[in-house]
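Structural features, examined
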Amino acid sequence: MSSIASFFSSLLPTIQADATADEKPADKNNSRTDSESSEEAPAEEEEEEEEEPEDLHPAIREECRSSTKCAPLAQHFERCNEKVQAGEGFKGEDCVEEMYVMMHCVEDCAAPKLFVKLK
């Protein structure tokens, strides 16, 4: 054993699990009666059948992104992204600021519309 390993083993005790300890919790979980498991099965099927409502947020965001207020910011972000992808920007350039400004505009536009529809 190396000196570093022996140093850490002297500070931190080594714990090893017994095989019997692992089996006990599994037995407790599997000790359900057949009547309990049959009662839970229909409840699980009902949960699976429930449909989640459609998420309106992406559609509202897209609508706001193409609005007259946010469209110029979206175009500026896209141009910046194209420039960076083409390697025409300076070294280490990214379009985080442009994305932040565009997303701020989009979220400011989308939030009131979304909360009206959620009520």
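Note: the structure precedes this text.
Description of the structure in this document. As the structure is a prediction and not an experimental result, all values here were calculated from the model. (Residues numbered from 1 in each chain as written. Predicted model: local features only at pLDDT ≥ 70, side-chain atom pairs only at ≥ 80, totals over all residues. Heavy atoms only, no water.)

1. A closer look at the environment of Cys105
For Cys105, the position within the fold is in helix 6 (residues 96–118). Judged by its relative accessible area of 8%, Cys105 is buried. For the pair Cys105 and Leu73, spaced 32 residues apart in sequence, the C-alpha separation works out to 8.2 Å. Setting aside residues up to four positions removed in sequence, Cys105 forms contacts with Lys69, Cys70 and Leu73. (Helix = DSSP H or I, 4+ residues; strand = E, 2+ residues; numbered from the N terminus. Buried < 20%, exposed > 50% of the residue type's maximum accessible area, 1.4 Å probe, protein only. Contact = heavy atoms within 4.5 Å.)

2. Details of the nonpolar core
One finds Ile60, Cys64, Met102 and Val106 to be the most contacted residues of the largest nonpolar core, which totals 13 residues. By residue number, the principal contributor to this core is helix 6, which donates six residues. Beyond its immediate stretch of four places on either side in the chain, Val106 contacts Arg61, Cys64, Arg65 and Cys70. (Core = buried A, V, L, I, M, F, W, Y, C linked by side-chain atoms within 4.5 Å.)

3. A look at the packing of helix 4 (residues 57–65) against helix 6
In contact at an axis separation of 8 Å, helix 4 and helix 6 are set at 130 degrees when each is read in the N-to-C sense. Here helix 4 is positioned oblique relative to helix 6, judged by the angle of their axes. Remark: the crossing between helix 4 and helix 6 carries right-handed chirality. When helix 4 is examined against helix 6, the residues His57, Ile60, Arg61, Glu63, Cys64 and Arg65 are found in contact with a partner set consisting of Met102, Met103, Val106, Glu107, Cys109, Ala110, Lys113, Leu114 and Lys117. (Axes fitted to C-alpha atoms, helices over the stretch in contact; angles between N-to-C directions. Parallel < 35°, antiparallel > 145°, perpendicular 65-115°, else oblique. Left-handed = near helix turned anticlockwise from the far one by under 90°.)

4. Here's the deal with a nonpolar patch on the surface
A cluster of nonpolar side chains, contributed by Leu73, Tyr100 and Val101, occupies part of the molecular surface with about 280 Å² of accessible area. Residue Tyr100 is classed as exposed on the basis of its relative accessible area of 59%. (Patch = residues over 30% accessible without salt bridge, like charges linked within 9 Å, V, L, I, M, F, W, Y side chains within 5 Å. Areas by Shrake-Rupley, 256 points an atom, 1.4 Å probe, with all protein chains shown as cover. Salt bridge = Lys/Arg side-chain N within 4 Å of Asp/Glu carboxyl O.)

5. A closer look at helix 5 (residues 71–85)
With 15 residues, helix 5 extends 21 Å between its outermost C-alpha atoms, agreeing within 8% with the 21 Å of an ideal straight helix rising 1.5 Å per residue. Among all positions of helix 5, only Ala71, Ala74, Phe77 and Cys80 are buried. Of the surrounding secondary structure, the elements contacted by the buried residues of helix 5 are helix 4 and helix 6. Directly after helix 5, the chain includes Gly87, whose backbone phi takes a positive value near 80 degrees. (Expected span 1.5 Å × (residues − 1).)

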